[in-house]
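Spelled out from the first residue to the last, the chains are:
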Amino acid sequence: MDIKKTANLFINFVTKRLAELSGLILLFLSLALFIALFTYSPEDPNFIFPEKTEIRNFFGFKGSFVSDLFFQSVGLIAYLISLTFIITGINLLRSKEFILIIENIFFVVLYSIFGTLFLTHYYSDAFTLYINGNGGFIGNFLNQTYLNQILLLNSQISYYFLIILILFLFLKSINFNPFKFFELILK
């Protein structure tokens, strides 16, 4: 009986089960976040207006609280964040590689920065969300920095550049592979 080989097999088994468990937890939490974001209502109680009213969010007060936190901080990009983590949970279940979480969080941070700046700069007057607008308070902050001046150099090119950059970073965050996608379509 080789103890070293048995220990390595045990460690490998435990690591894979932990990855599966982490993937399931991430998948369910991100699905819950997506549902909370989707059922968000500005009239629900939240950080700013905690009065006792009828809660329309599917998860009640906690769902209203979490969705308001996401919308007020990053704006409409919160939908992409929840989708990224749903797909990350699925990919973690399939590949059992913990590095996916770190990689995808990196790309989430990048597209959140550019996405909030984009929504605040180009859609500041279309307030789907109250208080901080479509880009959240992070977008409002970034719009007051030198990045705003860069966008003003050529507004039309910046518009399309940001859309392409956000789309690229989002696809990168969900580990999109065009070759596997076309292979799947051709089957």
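For the structure itself, consult the block above.
Described in the following lines is the structure provided in the data block. Worth saying up front: this structure is predicted, and the values here are computed from it rather than measured. The numbering scheme is per chain: residues are counted from 1 as the chain's sequence reads. Owing to the predicted nature of the model, reporting of local features is limited to residues with pLDDT of at least 70; listing and counting of side-chain atom pairs is limited to 80 or more, with chain, interface and lining totals taken over all residues. Calculated side-chain values reflect all of the structure's heavy atoms, with hydrogen atoms and water omitted.

### Notes on helix α3 (residues 77-95)
Right, on to step 1. Each helix is a run of DSSP H or I of at least 4 residues and each strand a run of E of at least 2, with the numbering of both proceeding from the N terminus. What a helix is expected to span follows from its residue count: subtract one and scale by 1.5 Å. The terminal C-alpha atoms of α3 lie 26 Å apart, and with 19 residues this matches the ideal 27 Å at 1.5 Å per residue to within 8%.
Right, on to step 2. When we look at burial in α3, the residues that qualify are Ile77, Ala78, Ile81, Ser82, Thr84, Phe85, Ile86, Thr88, Gly89, Asn91 and Leu92.
Right, on to step 3. Residue contacts are counted whenever heavy atoms from the two residues lie within 4.5 Å of one another. Buried-residue contacts for α3 involve α1 (3-38), α2 (60-74), α4 (99-122) and α7 (155-173).
Right, on to step 4. Positive phi appears at Lys96, one or two residues downstream of α3, with a value of about 60°. We call a residue buried when its accessible area falls under 20% of the maximum for its residue type, exposed when it is over 50%, and partly exposed in between, using a 1.4 Å probe and counting protein chains only.

### A word on the packing of α4 against α7
Right, on to step 1. For every element, the axis is a line fit to its C-alpha atoms; helices are fit only across the contacting stretch, and the angle between N-to-C directions ranges from 0 to 180 degrees. In contact at an axis separation of 9 Å, α4 and α7 are set at 155° when each is read in the N-to-C sense. As judged from the angle between their axes, α4 and α7 are roughly antiparallel. You can see that α4 and α7 cross each other, and the crossing is left-handed. Where α4 abuts α7, its residues Asn104, Phe107, Val108, Leu110, Tyr111, Phe114, Gly115, Phe118 and Tyr122 lie against Ser155, Ser158, Tyr159, Leu162, Ile163, Leu165, Ile166, Leu169, Phe170, Lys172 and Ser173.
Right, on to step 2. All amino acids are sorted into three groups, where Ala, Val, Leu, Ile, Met, Phe, Trp, Tyr, Cys and Pro are nonpolar, Asp, Glu, Lys and Arg are charged, and the leftover types, Gly among them, are polar. Here the residues of the contact of α4 with α7 are counted per class, giving 14 nonpolar, five polar and one charged. Oblique is the label for every angle not falling under 35 degrees (roughly parallel), over 145 degrees (roughly antiparallel), or within 65 to 115 degrees (roughly perpendicular). Handedness of each helix crossing follows the sense of rotation of the near helix against the far helix: counterclockwise by less than a right angle gives left-handed, clockwise gives right-handed.

### Quick notes on the layout of surface pockets
Right, on to step 1. In the cavity and pocket records, a cavity denotes points on a 1 Å grid over the protein atoms alone where a 1.4 Å probe fits but cannot get out, a pocket denotes an open set with protein on both sides within 12 Å along at least 5 of 7 lines, and lining residues are residues with an atom within 4 Å of a point. Grid points are joined across faces, edges and corners, and a volume is the space filled by probe spheres set on the points. In this structure, the largest pocket encloses a volume near 500 Å³.
Right, on to step 2. Lining the largest pocket are 15 residues, with Asn91, Arg94, Asn175, Asn177 and Lys180 positioned closest to its centre.
Right, on to step 3. A per-class count over the lining of the largest pocket returns six nonpolar, four polar and five charged.

### Thoughts on the packing of aromatic side chains
Describing an aromatic ring pair means giving the distance of the ring centres and the angle of the ring planes.
Right, on to step 1. Aromatic pairs are defined between Phe, Tyr and Trp rings, using the six-membered ring for Trp, whenever the two ring centres lie within 6.5 Å; interplanar angles under 30 degrees are classed as stacked, those over 60 as edge-to-face, and all others as tilted. This model, assessed by the stated rule, comprises 14 aromatic pairs.
Right, on to step 2. Judged by centre distance (5.8 Å) and plane angle (70°), the rings of Phe118 and Tyr123 are edge-to-face.
Right, on to step 3. Given a relative accessible area of 9%, Phe118 falls into the buried group.
Right, on to step 4. By relative accessible area, which is 32% here, Tyr123 ends up partly exposed.

### Overview of the pattern of salt bridges
Two side chains bearing opposite charge may form a pair once their charged atoms approach each other closely.
Right, on to step 1. In what follows, salt bridge is the name for a side-chain nitrogen of Lys or Arg lying within 4 Å of a carboxyl oxygen of Asp or Glu. According to the stated counting rule, one finds two salt bridges in the structure shown.
Right, on to step 2. Here Arg17 makes a salt bridge to Glu20, at a shortest N to O gap of 2.9 Å. Of the two residues, Arg17 and Glu20 are both situated in helix α1; the distance of three residues between them amounts to about one turn of the helix.
Right, on to step 3. In this structure Glu20 comes out as partly exposed when scored by relative accessible area, which is 23%.
Right, on to step 4. When the shortest N-O distance is used, the salt bridge between Glu20 and Lys96 registers 3.2 Å. Here the residue Glu20 occupies a position in helix α1, and Lys96 occupies one in the loop between α3 and α4, the gap between them amounting to 76 residues.

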